[in-house]
Amino acid sequence: MRKEKLLDLLKQMTREEKIGQLVQVAGEVFLMDNVSVTTGPLKSLELSNEMLYQVGSILNIVGSEKIRKVQDEYLSKSRLKIPLLFMADVINGYRTVFPIPIAQGCSWDKEVVYNCTKISIQEAGASGANVNFSPMVDLVRDSRWGRVMESIGGEDPYLGEVFAKTMVEAYQGEDISKLGNAAACVKHFAAYGAAEAGRDYNTVDMSEREFRQYYLPAYQSAIENGAEMIMTSFNTINGIPASVNPWLLRELLRKELGFQGIVISDYSAIEETIAHGVCKDKKEAAYKAIMAGVDIDMMSNVYANHLKDLVEEGKVSERLLDEAVLRILTLKNKLGLFENPYGNTNEEREKKVLKSKHNLQAARKLTADTFVLLKNEQQILPLNKENKKIALIGPYADNISILGSWSIFSDKSKIPTLKHAFEEKMGTQNILYAKGSEILEEKEINPILIADGGKPIHIENEKEKQKQLLEEAIEVAKQADIIVLAIGEHYRQSGEACSRANIEISQIQQNLLNELSKLKKKIVTILFNGRPLVLKNIAEKTDALLEVWFPGTEGANSITDVIFGDVNPSGKLTMSFPQAVGQCPIYYNYYNTGRPHINNYRYVSRYQDIPTQSYYPFGYGLSYSKFEYSDLKISSNKMSKNNPITVTVKVKNYSNIPGKEVIQMYIQDLVASIVRPVKELKSFKKEYFRPWEEKQITFEITEEMLKFWNEKLEHKAEEGEFKVFIGSNSEDTIEEIFEYREAN
Ligand code: GLC
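Notes on the structure follow.

Attention shifts here to the overall build of the protein. Along the backbone of the protein there are 24 helices and 26 strands. Compactness check: the protein gives a C-alpha radius of gyration of 27 Å against a globular reference of 27 Å for 744 residues, within 12% of the reference. On the principal axes, the C-alpha backbone points of the protein span a range of 75 × 70 × 50 Å. Here the protein holds 744 residues, and 62% of them are scored as buried. Expressed as a percentage of contacts within the protein between residues at least 6 apart in sequence, the contacts between residues at least 24 apart total 78%. Here the protein displays about 28800 Å² of accessible surface, and carbon together with sulfur accounts for 49% of that area. Taking the average place of the 92 positive charges on the side chains of the protein and the average place of its 102 negative ones, the gap between the two points comes to 1 Å.

Taken together, 14 residues are adjacent to the ligand, and Asp89, Arg147, Lys187, His188 and Asp266 come closest. Between the ligand and His188, the relevant distance is 2.7 Å, taken from an oxygen atom to a side-chain nitrogen or oxygen of the residue. The protein chains hide 94% of the 310 Å² of surface that the ligand would expose on its own. Broken down by class, the residue content of the shell around the ligand amounts to seven nonpolar, two polar and five charged.

Before going further, it helps to examine empty space enclosed by the protein. Taken as a whole, this structure holds five cavities of 30 Å³ or more when the rule is applied. Within this model, the largest cavity holds a volume of roughly 80 Å³. Surrounding the largest cavity, Gly125, Gly128, Ala129, Asn130, Ile176, Ser177, Asn181, Leu335, Leu337, Gly343 and Asn344 form its lining. Its residues assigned to classes, the lining of the largest cavity shows four nonpolar, seven polar and no charged. Taken as a whole, the second largest cavity spans an internal volume of roughly 50 Å³.

Attention now goes to the layout of surface pockets. By volume, the largest pocket amounts to about 830 Å³. Lining the largest pocket are 30 residues; nearest its centre among them are Tyr587, Tyr590, Thr612, Gln613 and Val678. Elements with a contribution of two residues or more to the lining of the largest pocket: strand 25 (720–727) and strand 26 (733–741). Classifying every residue of the lining of the largest pocket by side-chain character gives 13 nonpolar, twelve polar and five charged. Of the voids in this model, the second largest pocket is the one considered here, and its volume is about 690 Å³. Mapped by element, the contributors of at least two residues to the lining of the second largest pocket are helix 9 (157–172), helix 10 (208–224), strand 21 (680–689) and helix 24 (703–706). Of the residues that constitute the lining of the second largest pocket, the class distribution is eleven nonpolar, seven polar and twelve charged.

Looking now at the nonpolar core. Of all hydrophobic cores here, the largest spans 129 residues; its most connected members are Val25, Phe30, Phe189 and Tyr303. For Phe189, the contacting residues outside a window of four places in its chain are Leu216, Tyr219, Ile230, Met231, Thr232, Ser233, Ala242, Leu248, Leu249, Leu252 and Leu253.

Pairing in this open sheet of six strands is mixed, and the strands run 11-16-15-14-12-13 from one edge to the other. If you trace the sheet from one side to the other, it starts and ends with strand 11 (372–376) and strand 13 (431–434), each paired once. Taking each pair of neighbouring strands and ignoring which way they run, the sheet shows an average axis angle of 15°. Relative to strand 16 (residues 544–547), strand 15 (residues 522–528) runs parallel, the two being bridged by four bridges. Across the sheet, Ile526 pairs through a bridge with Leu546, a residue of strand 16. Contacts from helix 18 (residues 418–426) reach strand 12 (390–393), strand 13, strand 14 (482–488) and strand 15 within the one sheet, and its direction differs from that of strand 12 by about 165°.

A cluster of nonpolar side chains, contributed by Leu670, Val671 and Ile737, occupies part of the molecular surface with about 230 Å² of accessible area. Mapped onto the secondary structure, Val671 falls in the loop between strand 20 (659–669) and strand 21. Judged by its relative accessible area of 63%, Val671 falls in the exposed class.

Further remarks concern the environment of Leu159. Within the secondary structure, Leu159 sits in helix 9. Taking C-alpha positions, Leu159 is 20 Å from Val548, a pair spaced 389 residues apart along the chain. Here Leu159 is in contact with Trp108, Gly153, Thr574, Phe618, Leu681 and Phe684, once residues within four sequence places are set aside.

Along the chain, Leu381 connects to Pro382 via a cis peptide bond; the corresponding omega equals 0°. With respect to the element layout, Pro382 can be found in the loop between strand 11 and strand 12. Residue Pro585 follows Cys584 across a cis peptide bond; omega there is 0°. Turning to its location among the elements, Pro585 is positioned in the loop between helix 23 (555–563) and strand 17 (627–634). A positive phi angle, close to 50°, is found at Glu46, a residue other than glycine. Following the sequence through the fold, Glu46 ends up in the loop between helix 4 (41–45) and helix 5 (49–52). Backbone geometry at Asn60 places phi at a positive 60°, although glycine is not the residue there. Within the secondary structure layout, Asn60 lies in the loop between strand 2 (57–59) and helix 6 (64–76). The class for Asn60 is partly exposed, based on a relative accessible area of 22%.

Now for the packing of helix 17 (residues 357–368) against helix 23. With their axes 8 Å apart at the nearest point, helix 17 and helix 23 run at an angle of 50° to one another. The orientation of helix 17 relative to helix 23 falls into the category oblique. The crossing of helix 17 and helix 23 is right-handed. Of the residues in helix 23, those in contact with Ala363, Arg364, Thr367 and Ala368 of helix 17 are Gly555, Asn557, Ser558, Asp561 and Val562. Residues that form the contact of helix 17 with helix 23 fall into these classes: three nonpolar, four polar and two charged.

Among the residues making up helix 13 (residues 282–292), those that are buried are Lys282, Ala285, Ala286, Ala289, Ile290 and Ala292. Down the axis of helix 13, the buried set is contained in an arc of 160°. They therefore lie on one face. Where the residues of helix 13 are buried, they touch helix 11 (246–256), helix 12 (273–276), helix 14 (302–312) and helix 15 (318–334). Taking the backbone nitrogen of Lys283 as reference, a side-chain oxygen 3.2 Å away marks Asp281 as the first, capping residue of helix 13. Phi turns positive one or two residues past the end of helix 13, at Gly293, with a value near 120°.

The subject of this paragraph is the sheet that holds strand 17. Reading across from one edge, 17-19-22 is the order of the three strands in this open sheet, with antiparallel pairing throughout. Edge positions in the sheet fall to strand 17 and strand 22 (694–701), since each of these pairs with one other strand and no more. Between one strand axis and the next, the sheet turns by 25° as a mean value, whatever way the strands run. One ladder, built from six bridges, connects strand 17 with strand 19 (residues 645–653); its direction is antiparallel. Opposite Tyr629, over in strand 19, you have Val651 as the bridge partner.

Definitions and limits used
- Residues numbered from 1 in each chain as written.
- Predicted model: local features only at pLDDT ≥ 70, side-chain atom pairs only at ≥ 80, totals over all residues.
- Heavy atoms only, no water.
- Helix = DSSP H or I, 4+ residues; strand = E, 2+ residues; numbered from the N terminus.
- Rg over C-alpha atoms; globule rule 2.2 N^0.38 Å.
- Buried < 20%, exposed > 50% of the residue type's maximum accessible area, 1.4 Å probe, protein only.
- Contact = heavy atoms within 4.5 Å.
- Areas by Shrake-Rupley, 256 points an atom, 1.4 Å probe, with all protein chains shown as cover.
- Lys, Arg positive; Asp, Glu negative; His and termini not counted.
- Charge placed at Lys NZ, Arg CZ, Asp CG, Glu CD.
- Near = heavy atom within 4 Å.
- Polar contact = N/O pair within 3.5 Å; in protein donor to acceptor, adjacent residues only side chain to side chain.
- Nonpolar A, V, L, I, M, F, W, Y, C, P; charged D, E, K, R; others polar.
- 1 Å grid on protein atoms, 1.4 Å probe; cavity = no way out; pocket = protein on both sides within 12 Å on 5 of 7 lines; lining within 4 Å.
- Points joined across faces, edges and corners; volume = space filled by probe spheres on them.
- Core = buried A, V, L, I, M, F, W, Y, C linked by side-chain atoms within 4.5 Å.
- Pairing = 2+ DSSP bridges.
- Axes fitted to C-alpha atoms, helices over the stretch in contact; angles between N-to-C directions.
- Patch = residues over 30% accessible without salt bridge, like charges linked within 9 Å, V, L, I, M, F, W, Y side chains within 5 Å.
- Salt bridge = Lys/Arg side-chain N within 4 Å of Asp/Glu carboxyl O.
- Parallel < 35°, antiparallel > 145°, perpendicular 65-115°, else oblique.
- Left-handed = near helix turned anticlockwise from the far one by under 90°.
- Arc of directions from axis to C-beta.

Here is the structure:
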């Protein structure tokens, strides 16, 4: 529809119809019978039936049959036949589930992230999703926060920029109305990952400079690459909740970044500004949110029940209302919904695309590149398939709950477990299985179940059962040549509202490992988790340690591909793993302080009881190959504004195993007008090496890479000396010095 026609449509709309476009409700209200909907969600949401048939969008209802039913039902009662928008949380896959986003980021491979994202939206689009609440690009430094599992860039702003762009391109393509594309909604704006003490929804308070330097770049990258929508976060930004923060939404987002798309609040976040204590009631919340620039009120009745009065009282101009409505009509038009309200969904396409053989094969390959090999003593991995008896032990040894907590549309049927995958590779006769322990004890799982609205469980004779499981595991382990232990977090221990003050593996699982280690057999540990954990007690008792996160539908098969060497692991951590939870937040690009911990002098910045550095650093990950770095050369030690320099390094694979290596380039600004981090990732290259192959890798250093936000909030480079570091992670590097001068 041409823009003029949209404007005509806008002119025909009543004020109620306009306000309806700014309201989003959960889609199931349209699937319930009239009585249940009236006495249920409409009652709790205090929404009228009329308003229900004027809402502009619904969330988390997809599927060809449902979409058609809901759209038909809605349009039959819509005076102007303005179609509904269907929005969804397809965070790491739809029916085919891919690794959780933090794992995808650990591939350090744009193609891996692109393909996981592309297949996800092809499946979700075949089921009618118009808008996807992704990418989540919040920078994260504190693994007490459960949502680190969703962060595609982890603790680094540059990775966040790169993968934000990659995901928006994958979701939206050239035209969001085309088959296999949809609109991306970047979230959570802004700095939600900096919640104090890692407690979800908690206060965020930082200087604008810090915000611009670290937290803003990934959102900005998504916006500059055309993200159609942005979601406001639950947290405050310098004392004002994001959803009612005019500086954040009007000054920064609209004026400075030029964002033309739709701003949607997070789930009831506008109403929650009352609890924050910045709005006395819903009417004030409606006023502050619309004035700040939120277009859609997700799952609260604040706009539905109060915007009309505000406009009639002249407190909110009709123009402001029209601007918001026009943005929503524009997106619906871009999606082609006026011509085809069902989008690209139809049942035969669903049958063909969802969890297709192609998608599963792709998932198996892509997933293997997200794993991070953390330890491999005496190259115990890869295992050979010759007749070795393997004791496959642990609560994740035969468990399908490996999809992560956002896999809400997944098909949980036929998910291969590790036991299936190992038996497929080795034959059933060579795999001895024992559960060994539960993931959590009753006292640990019940608070989670109750918080989910479920009933607490009671494990009769729990201690007795634990003893029995342990004894079985020991018996099985005694008969085997090697132990493969599959342990981790419960999938509901990471994700939204999953903050933890203790980020270790549960005690019952640690006990299992402790008892197995007494057998003095080799142990390979496979870790299923959504966040960096404190792993000291695990790592010290295991010979090999493979971080697989929550790997998704094909995860078990991908794991055996890596364990048996069909795939050489190549992942690198995008978040530092702490020595202890007391180190959180911990990140590699820290400031040196005036008393860096470089010796054992008492009066330095350190802890008395643990080492200062991380347990596993940002960028770290082992390979079955052995990569050596040498001959770092710089094209000139003097760089100027228009004369970038290059650095080259030789990387050689000193092994007969082909593999991929992520060569990382970091820069340090040695002296500047404000303190600068000890190093910052500025580029990386993931390269494939044949056995014994040596490559010369070249990076360009540009003036842009040296810029930072100074005390006057100018984004500029300053003259002076810099260090460039090249290496396989943020700690093991070789370095060179160079000087930057503005003039040649
Ligand atoms: C949730 C999450 C957000 C999600 C939204 C819709 O509370 O914070 O990431 O997209 O609500 O489900």
